[in-house]
Amino acid sequence: MSQTTADQDIFLKWLKTVNLEENPFQDYSAQKDRDLSTYFVPLGPLRLTDLIEDPQPWAIFGERGSGKTSLRMMVAARCRPVNPASDILALECNWQTLDRTLQKAGSPGTLTLDHWAETLVELAIPSLPEEQRPRWMSRLLSARAGAVFLAYAHEDRSYVDELAERLEKAGVAIWYDRKLHKGRRWCKELEERIQNARAMIPVLSQRSRDSVWMEREVLFAMEYDVPVIPFLLEKVDLPLWAVGSQCARNVDELMRTLRVTGRLRCPPGYESLEELASAASVRLVICLVDEVDEVPELQEQPIMIQLLSCLMDPRLHSVKGVAFRYFLPAWLKDALIRKGLRLDRYRIGDLRWDPEDLKRLIRQRMIAFSESKAAPYQSLGELCDPSGGFAARIDNELASLAEGNPRAAVCLADQLLRFHCREDSPPRLIRPTTWEDVKEWWRQEGRGWILGQPPVADLPFHLQRDRIFFQNREVILTGRYHALLRCLVRAGGGICSPEDLARAGWPKDDPAGVTSRAIDEAVRRMKQKLREQGVDPGWVETVRGRGYRIRPSL
Amino acid sequence: MITLMKGYQHILAVVEESITRLSTPEGPSVLTFWAGPGGGKTTFLNIVRDKYARDALLLSGPWDFRTSPPEVLASQVLTAVRDAPNESKKLVLLDNLDELLHTGDGEPFFTFERQVLRELVRRGDTLIIVTSRAPLIQWRDYDVRISARNLHIPPLRREDVAEWAREQQMDPDQAFAISLGHPQVLAWLQEEPNIPPEEMDRKVADLFLNGLSGETRQLAEVASLFPVFDLAALRPVLSAEDTESFYSEYVERLEELIRKGLVFWDGEVGAYRFRESTVRRLLARGVLHRDPEQFRRIHQIAAGYYQQEAQRAAYLHRSLVSALYHTAQAHFGKEEAGKVCTRWIEDTLGTWLGAPWEKVLWAWKTGAGDEATREELQALLGPAAFERITRLLESAAHAATQIIQQVQEVNR
């Protein structure tokens, strides 16, 4: 939600009033928040130390906003290069890293283990002392960016066109005079191209051997230390400048020579990763692979699986001194198993947040941002009006509404503070009515925004004032059943807790006094009545231990 | 300060266990033993020192943050740990670490955490025992945070006080009644066995309320009569209007009490309460001695407030204990307290259909999460009334379950 400057001023003033240094809930995602002290990620039976030190591969699954990236950053913060005292080096691969790797390969289908290994080496290089870098790594680094320059006689043009095409297909950038820009001073352009070339390839034939222009170009290249690799198009006596040069007789030989002389980028091969740990003088290198689902144009599951089958190739896990940690969306787990990925060979972590964890997260942020370090705030309740028991229940209600999602919990807490400051002079304590407004906003907008759940309009049910429609046909229910279904439809596919349903179905009673059995029974009957009206009751789904919701699809 | 090693055996066992579990994944590395002023922190640390100095575990210390600058202590601690043999388990004792939180903007605390504690925690072979006037929850570093545990240094138990009293040739029951097991009060009693009650009350108030503004001190005394409270509950007692200015004014005072470490927000109960029940009861006794009529009036108003709150069956677990506690206190010293409370329960029970009985029974049996409140309530009501109320509540819970089952049977 955007705020005007005046709103922002009111907000900041109020935060000061309640002795908060800043808004503890302003950042919903880990990337924006580099201060690890405000993080909390429940690991259940797992231990952060194991996650860092275990040489086995790990796969951590979590829903959107469940703290995967926070966890990755927590791990990275304990390793080199962030923590120079550690004997473990962390290589963080986020969506940008993965995107670069894909661009190198062209597509997920053509991505090879070598491309992936090259990316990891590139990530590691800044952390490796120069004198300890393996030779192949230096070659990788020294490769010049320019194209390979082809010098030839015009009589050989048809063959040179073919050679250029084959080299370009093999990934070698080529320049020859057919690419001269019209209108530019060609002599000047030739000079620039040769000076910046990765290598010069004179195509030697009976026609070109005595070409004055070729000789001039070759000598010019030698002047600028551009390596010259003569390509023998046919049997020919070498000219004086070519004597003693490493000549190539076919394209394969040419490619090999280009690689050996370090003139081509040379993918290191995944086996070379074994050298990383010793080159970095560390006990272990851990590769933290995250944000696979955030790579642009890679949103479809089959393509993502294709990418992961390379990133999680079992051969990588036999490389000594290198361990992999994959932070993956929970919805990919089944797909990966179906694809045949042996998850039993991984240590598996599932990021699940129970309401107590969410309250702990809120507590931790409140503590971190409280002005009084000696007596920091520990709950939202401390900022709320105690009348009517609101202060006592707010943290529980928020944790329940957040559906086990920490980003949702932080967003709700943020909105509670911001909604309170919509007034010109907000009172010191937050009113219960403000929370009601936040809940309404969450159902209408916030939930879809944060959790990516379908908004009300995408469900088969919709409301028109108080009337309920299923696929544009009105559903007639009476009394409590109407109220319950209306509550579910208003939640827009979100989970309605027993308390929400109790408020809707038993408006005159205290919600906590309505038993869950009474609610279950009423929902059962409501579903029966839906069936009588030709609506599949399966649209209403039980979410074990949390309540009910309308399914987005059947 | 008296040293009653026996009284601390059960918390010493935690230290012993933590030393055994050092270098294992579950082993906590930072144990914070907290208690209010005169609560026995330094005594406890000295007991630990004496016990483990013999085992050559102890490096040095206790290092006291009240008497030395943190930079000096940081360097001493780190040097001692680094100079110790690598293979041995180590024990570091830090007294009054929370002092650093009150120094300037609290930054010295975080500097010490970063420079010293984090390094020690990551070693895995060092147990750090810290004392503080309140639980330490402010840790910034993740490694320190997950390896830290807070433990309360409780007041001495009745049997420990009795043993001490016999050594002092005092009446054990009287010694416990005066001190409630608080170590500092016992020390005063040792110095002056016949200390007049008003003199003891003055000392108690000075010890716990020293440095507070007059208004906040007054609020602390009123709040000490409440096992749990919030501003809505205090408002009728303070005869204040339900206005925004009331909340603003009193929130400031409450925050002063929180900063002092006397009071905290109990998220589980959803109310403020004193950190230490013993301190609350010692302060409340001062109010009783000074003005018994005021004491009774406050409890009467509070009883009315919580009895009204108890009409909301859905939140009965939040109001029941307070309603009975204040009702009983309003009849303090009279035999009918138990009868009045039992009658109120009998009269109201019928309106509580739909109450969350599991939570209600938990609140009743634990004194809303405070054992001392439960014991006090039991003493106020008398064992027979307490037992009868327990049976009434259990029967109501049972009946509610039966009704729900019957309704389901009908619906089936």
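Reading the values: the criteria
- Residues numbered from 1 in each chain as written.
- Chains lettered and ligands numbered in written order.
- Predicted model: local features only at pLDDT ≥ 70, side-chain atom pairs only at ≥ 80, totals over all residues.
- Domains from an automatic or database assignment.
- Contact = placed C-beta atoms within 7 Å.
- Nonpolar A, V, L, I, M, F, W, Y, C, P; charged D, E, K, R; others polar.
- Buried ≥ 20, exposed ≤ 12 C-beta atoms within 10 Å, placed from the backbone.
- Helix = DSSP H or I, 4+ residues; strand = E, 2+ residues; numbered from the N terminus.
- Pairing = 2+ DSSP bridges.
- Axes fitted to C-alpha atoms, helices over the stretch in contact; angles between N-to-C directions.
- pLDDT = per-residue confidence, 0-100.
- Parallel < 35°, antiparallel > 145°, perpendicular 65-115°, else oblique.
- Left-handed = near helix turned anticlockwise from the far one by under 90°.
- Expected span 1.5 Å × (residues − 1).
- Core = buried A, V, L, I, M, F, W, Y, C linked by C-beta atoms within 7 Å.

Draft legend 1. Representation of the domain arrangement of chain B within the structure. All names here are of chain B. Each assigned domain of chain B is listed here: domain 1 (5-152), domain 2 (155-195) and domain 3 (310-412). On a C-alpha basis, the centres of domain 1 and domain 2 stand 29 Å from each other. Contact with domain 1, which involves six residues of that partner, is made by seven residues of domain 2. Considering only residue class, the side of domain 1 that touches domain 2 consists of no nonpolar, five polar and one charged.

Draft legend 2. Quick peek at the pairing of strand E3 (residues 90-95) of chain B. All names here are of chain B. Burial runs high along E3: six of the six residues are buried. The alternating pattern of E3 places Lys 90, Val 92 and Leu 94 on one face and Leu 91, Leu 93 and Asp 95 on the opposite face, and all of these are buried. Where strand E2 (residues 63-64) and E3 come together, two bridges link them in parallel fashion. Among the inter-strand pairings, Asp 64 is bridged to a residue of E3, identified as Asp 95. By the bridge criterion, five bridges tie E3 to strand E4 (residues 126-132) in an arrangement that is parallel. Considered in E4, the bridge of Leu 94 is made with Val 130.

Draft legend 3. Layout of the interface of chain B and chain A. Facing the 34 residues of chain B at the interface are 34 residues of chain A. Counting residues per element, the ones that place at least two in the side of chain B that touches chain A are helix H11 (231-237), helix H12 (244-260) and helix H19 (383-411) of chain B. Considering every element that reaches the side of chain B that touches chain A, the biggest residue donor is H12(B), with six residues. Class assignment of the residues belonging to the side of chain B that touches chain A gives a composition of 18 nonpolar, nine polar and seven charged.

Draft legend 4. Representation of the domain arrangement of chain A within the structure. Once the domains are mapped, chain A shows domain 1 (5-27 + 355-451), domain 2 (43-139 + 269-350), domain 3 (144-260) and domain 4 (456-550). Using only C-alpha atoms to locate each centre, domain 3 of chain A and domain 4 of chain A end up separated by 76 Å.

Draft legend 5. Representation of the sheet that holds strand E8 (residues 322-329) of chain A within the structure. Residue and element names in this part refer to chain A. Spatial strand order, E2-E7-E8-E1-E9: five strands in an open sheet with parallel pairing. One side of each edge strand has no neighbouring strand; the edge strands of this open sheet are strand E2 (88-93) and strand E9 (347-350). For this sheet the average axis-to-axis angle between neighbouring strands, irrespective of direction, equals 15°. Pairing analysis gives five bridges linking strand E7 (residues 284-289) to E8, with the strands arranged parallel. Along E8, the bridge assignment pairs Cys 287 with Phe 324.

Draft legend 6. Seen up close, the environment of A:Gln26. Residue and element names in this part refer to chain A. Structurally, Gln 26 is set in the loop between helix H1 (5-17) and helix H2 (48-53). Judged by local crowding, Gln 26 falls into the partly exposed class, with 14 C-beta atoms found within 10 Å. Distance from Gln 26 to Ala 277, taken between C-alpha atoms, is 39 Å for residues 251 residues apart in sequence.

Draft legend 7. Expanded view of the confidence of the model for chain A. With 91% of its residues at a pLDDT of 70 or more, chain A shows a mean pLDDT of 84. Considering each helix and strand of chain A separately, the mean pLDDT is smallest for helix H6 (residues 135-142) of chain A, with a value of 56, and largest for E7(A), with 97.

Draft legend 8. Structural detail: helix H3 (residues 68-77) of chain A. Among the 10 residues that make up H3(A), nine are buried, leaving the element largely enclosed by the rest of the structure. Those residues of H3(A) hidden inside the fold are in contact with H2, strand E1 (58-62), E2, E7 and E8 of chain A together with helix H5 (142-147) of chain B.

Draft legend 9. The arrangement of the environment of A:Cys496 in detail. Residues and elements named next belong to chain A. Within the fold, Cys 496 resides in the loop between helix H18 (479-490) and helix H19 (498-505). On the basis of neighbour count, Cys 496 is assigned to the buried category, with 26 C-beta atoms found within 10 Å. Put simply, Cys 496 and Gln 533 are 37 residues apart on the chain and 23 Å apart in space, counted from C-alpha to C-alpha. With residues near it in sequence (within four places) discarded, Cys 496 still touches Cys 487, Leu 488, Ala 491, Leu 501, Gly 547, Tyr 548 and Arg 549.

Draft legend 10. Structural context of the sheet that holds E2(B). Residues and elements named next belong to chain B. Judged by pairing direction, the sheet is parallel, and its five strands sit side by side in the order E2-E3-E4-E1-E5 without closing on themselves. Whereas interior strands pair on both sides, the edge strands pair on one side only; in this sheet they are E2 and strand E5 (148-152). Bridge count for strand E1 (residues 30-34) against E4 is five bridges, and the pairing is parallel. Bridge pairing in E4 places Trp 34 opposite Ser 132. Running at roughly 160° to E3, helix H2 (residues 41-53) makes contact with E1, E3 and E4 of the sheet.

Draft legend 11. Quick look at the packing of helix H14 (residues 292-309) of chain B against helix H15 (residues 316-330) of chain B. All names here are of chain B. Viewed as axis vectors pointing N to C, H14 and H15 meet at an angle of 150°, and their least axial separation amounts to 8 Å. What the angle tells us is that H14 and H15 run roughly antiparallel. The interaxial crossing formed by H14 with H15 has left-handed handedness. For the pair H14 and H15, the contacting residues are Arg 296, His 299, Gln 300, Ala 302, Ala 303, Tyr 306, Gln 307 and Glu 309 in the first and Ser 319, Ser 322, Ala 323, His 326, Thr 327, Gln 329 and Ala 330 in the second. For the contact of H14 with H15, the residue count by class is five nonpolar, eight polar and two charged.

Draft legend 12. Fine view of helix H20 (residues 516-532) of chain A. All names here are of chain A. Between its first and last C-alpha, H20 extends 24 Å over 17 residues, near the 24 Å set by a 1.5 Å rise per residue. Where H20 is buried, its residues contact strand E12 (473-475), H18, H19, strand E13 (540-543) and strand E14 (547-550). Just past H20, the residue Gly 534 takes up positive phi, approximately 80°.

Draft legend 13. Expanded view of unusual backbone geometry. Here A:Arg80 and A:Pro81 are connected by a cis peptide whose omega angle stands at 0°. In this fold, A:Pro81 is placed in the loop between H3 and E2. At B:Ser239, a position not held by glycine, the phi torsion is positive, near 50°. Looking at where B:Ser239 falls in the secondary structure, it is placed in the loop between H11 and H12. Judged by the 7 C-beta atoms lying within 10 Å of it, B:Ser239 falls in the exposed class. Phi at B:Ala368 is positive, roughly 50°, even though this residue is not glycine.

Draft legend 14. Local environment of the nonpolar core. Among the nonpolar cores identified, the biggest contains 216 residues, and A:Val285, A:Cys287, A:Leu288, A:Ala409, A:Leu412, A:Ala413 and B:Ile129 are the most heavily contacted of them. Looking at which element gives the most residues to this core, the answer is helix H16 (residues 406-420) of chain A, with nine residues. Excluding residues within four positions of it along the chain, A:Leu412 makes contact with A:Leu398, A:Leu401, A:Ala402, A:Val438 and A:Trp442. Counting residues in each nonpolar core, the second largest holds 29 residues, with A:Ala199, A:Met200, A:Val226 and A:Val228 among its members.

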